[in-house]
2 protein chains.
Amino acid sequence: MGFRALADPTRRNILYMLAKDEMTIAEVADNFQMTRAAVKKHLAILHDGDLITVRTSGRTRVNALNPDGLRRVVDWFSYFDAFWDDHLSALKSEIEKDIQ
Amino acid sequence: MGFRALADPTRRNILYMLAKDEMTIAEVADNFQMTRAAVKKHLAILHDGDLITVRTSGRTRVNALNPDGLRRVVDWFSYFDAFWDDHLSALKSEIEKDIQ
DNA sequence: CTTTCGTGATACCTTTTGGTATTATTTTAA
DNA sequence: TTAAAATAATACCAAAAGGTATCACGAAAG
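These notes cover the structure that comes with them. (Residues numbered from 1 in each chain as written. Chains lettered and ligands numbered in written order. Predicted model: local features only at pLDDT ≥ 70, side-chain atom pairs only at ≥ 80, totals over all residues. Heavy atoms only, no water.)

## Examining the interface of chain A and chain B
What counts is decided by this rule: The criterion used for residue contact is that any of the two residues' heavy atoms lie within 4.5 Å. Buried area: the accessible area, evaluated with a 1.4 Å probe, that two parts lose upon being put together, summed over both parts. Each salt bridge in this description consists of a side-chain nitrogen of Lys or Arg and a carboxyl oxygen of Asp or Glu lying within 4 Å of one another. Throughout this description, a polar contact denotes any pair of N or O atoms lying within 3.5 Å of each other; where both atoms belong to protein, one of them has to be capable of donating a hydrogen while the other can accept it, and for residues adjacent in sequence the pair is counted only when both atoms sit in side chains.
The interface of chain A with chain B comprises 23 residues on the first partner and 23 residues on the second. Of the roughly 2600 Å² buried between chain A and chain B, counting both surfaces, carbon and sulfur atoms make up 79%. Among the residues of chain A in contact with chain B, Y16, Y79 and W84 of chain A are the three that bury the most area, contributing 26% of the side total. The interface formed by chain A and chain B holds zero salt bridges in total. In this assembly, chain A and chain B are joined by four residue pairs in polar contact (both at pLDDT 80 or more).

## Looking at the sheet that holds strand β1 (residues 23-24) of chain B
All names here are of chain B. Let me state the cut-off plainly: A pair of strands counts as paired when DSSP detects no fewer than two bridges linking them. In DSSP terms, a helix is any run of H or I states spanning at least four residues, a strand is any run of E spanning at least two, and both are numbered starting from the N terminus. Fitted lines through C-alpha atoms serve as axes, helices being fitted only where they are in contact, and the angles separating the N-to-C directions of these axes extend from 0 to 180 degrees.
An order of β1-β3-β2 is seen for the three strands of this open sheet, with the pairing classed as antiparallel. Each edge of the sheet is formed by a strand with only one pairing partner; in this case those strands are β1 and β2 (52-57). The sheet contact formed by β2 and strand β3 (residues 60-65) spans six bridges and is antiparallel. Opposite S57, over in β3, you have T60 as the bridge partner. Helix α2 (residues 9-20) contacts β1, β2 and β3 of the sheet and is inclined by roughly 95° relative to β3.

## Here we look at the protein's contact with DNA strand C
Our working rule: Here, proximity means that at least one heavy atom of the residue falls within 4 Å of the molecule or strand. Just so you know the grouping, Ala, Val, Leu, Ile, Met, Phe, Trp, Tyr, Cys and Pro go in nonpolar, Asp, Glu, Lys and Arg go in charged, and all remaining residues, Gly too, go in polar.
Surrounding DNA strand C, one finds 19 residues, the nearest of these being R4, T35, K41 and H42 of chain A together with R61 of chain B. Those atoms of DNA strand C that come within 4 Å of the protein belong to sugar or phosphate at a rate of 73%. Contact distances for DNA strand C include 3.1 Å between a base oxygen and a side-chain N or O atom of R59 of chain B. Of all the elements in the fold, those that place two or more residues in the surface near DNA strand C are α4 (36-48) of chain A together with α3 (25-29) and β3 of chain B. When residues in the surface near DNA strand C are grouped by element, the largest group, five residues, is from α4 of chain A. Taken together, the residues of the surface near DNA strand C break down into six nonpolar, five polar and eight charged.

## Digging into the relation of the copies chain A and chain B
Test applied: We superpose the copies by least squares over the C-alpha atoms of residues that have a pLDDT of at least 70 in both of them.
Under the fitted operation, chain A is carried onto chain B by 0.0 Å of movement along the axis and a turn of 180°, and the coordinates agree to an RMSD of 0.0 Å. With respect to symmetry, the two chain copies, as superposed, fit the operation of a two-fold axis. Taking C-alpha positions as reference, the residue of chain A nearest the rotation axis is A7 of chain A, located at 2.9 Å. Of all interface residues in chain A, 100% are interface residues in chain B too; the two copies therefore contact each other through one and the same surface.

## Some details on the packing of helix α2 (residues 9-20) of chain A against α4 of chain A
All names here are of chain A. Rules: Angle categories are assigned with fixed cut-offs, so that under 35 degrees is roughly parallel, over 145 is roughly antiparallel, 65 to 115 is roughly perpendicular, and the rest are oblique.
Between α2 and α4, the least distance of the axes is 10 Å, while the angle of their chain directions is 75°. Taken together, the axes of α2 and α4 are roughly perpendicular relative to one another. On α4, the residues touching T10, R11, I14 and L15 of α2 are H42, L43, I45 and L46. Here the residues of the contact of α2 with α4 are counted per class, giving five nonpolar, two polar and one charged.

## Observations concerning the protein's contact with DNA strand D
The environment of DNA strand D is made up of 20 residues, and the closest members are R61 of chain A together with R4, T35, K41 and H42 of chain B. Among all atoms of DNA strand D positioned within 4 Å of the protein, those belonging to sugar or phosphate total 76%. Within the backbone of I25 of chain A, one N or O atom sits 3.4 Å away from a phosphate oxygen of DNA strand D. T35 of chain B is positioned with one of its side-chain polar atoms (N or O) 2.8 Å from a phosphate oxygen of DNA strand D. Contributing elements (two or more residues each) for the surface near DNA strand D: α3 (25-29), α4 and β3 (60-65) of chain A together with α4 (36-48) of chain B. With five residues, the single largest contributor to the surface near DNA strand D is α4 of chain B. The residue inventory of the surface near DNA strand D, partitioned by class, reads six nonpolar, five polar and nine charged.

## Remarks on the sheet that holds β3 of chain A
Residues and elements named next belong to chain A. Spatial ordering of the open sheet is given by β1-β3-β2, a layout of three strands whose pairing is antiparallel. The open sheet has two edge strands, β1 (23-24) and β2 (52-57), and neither has a second partner. Contacts from α4 reach β2 and β3 within the one sheet, and its direction differs from that of β2 by about 120°.

Next up, the structure:
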């Protein structure tokens, strides 16, 4: 799953940046103090986690957000939907009890 | 953020288990082959990430899911809502272009 | 009170992670 | 065709992660 890729704040920032616009490695690296090699590693992990796509354009590589991969991560949380509903209805019952 | 806590599959499994019912450390550990000490470490990380709550009951410690912490993680993804919408509407435009 | 059961806390080990530095490789521009 | 720019690849290092083993502690059952 892509959760491992999301564990690092640098990678989460990269995703937020790519949500604005796709970027080359150099462009991403300009926004951080670390070396390009380090940024490239982060991008590789994001790619492994299927959270970004990479396409070659001449001598540059353009990184873009992969909505499908992100959606898969978000979907993992749907398991808790019932849990939230339960707790919400429990809260609702408490409130209704208070009112009466 | 709780993302670091979600990076490990064992911890994600624990959360799924706690969604069914709250459990003591021993009960959680019974579902894994690792030692209780290892499970306790995972629970500590989940607690640090604010994804579970822990309450003492006699000589046992009961771990329960923390919906607020989970919700905070899910909310992180709302940043991409516009992104998804954009791509969906782009797709919609493509389809409409095809139809006409 | 003593024993026992569930945890807490350390110490330690191995693997992974996040980073740098350095050296190719490849594409474009002069 | 040579030089420069963007990236790839590799080796290396320190710190963190994930695990075990061990011992200490507190509640509860006899």
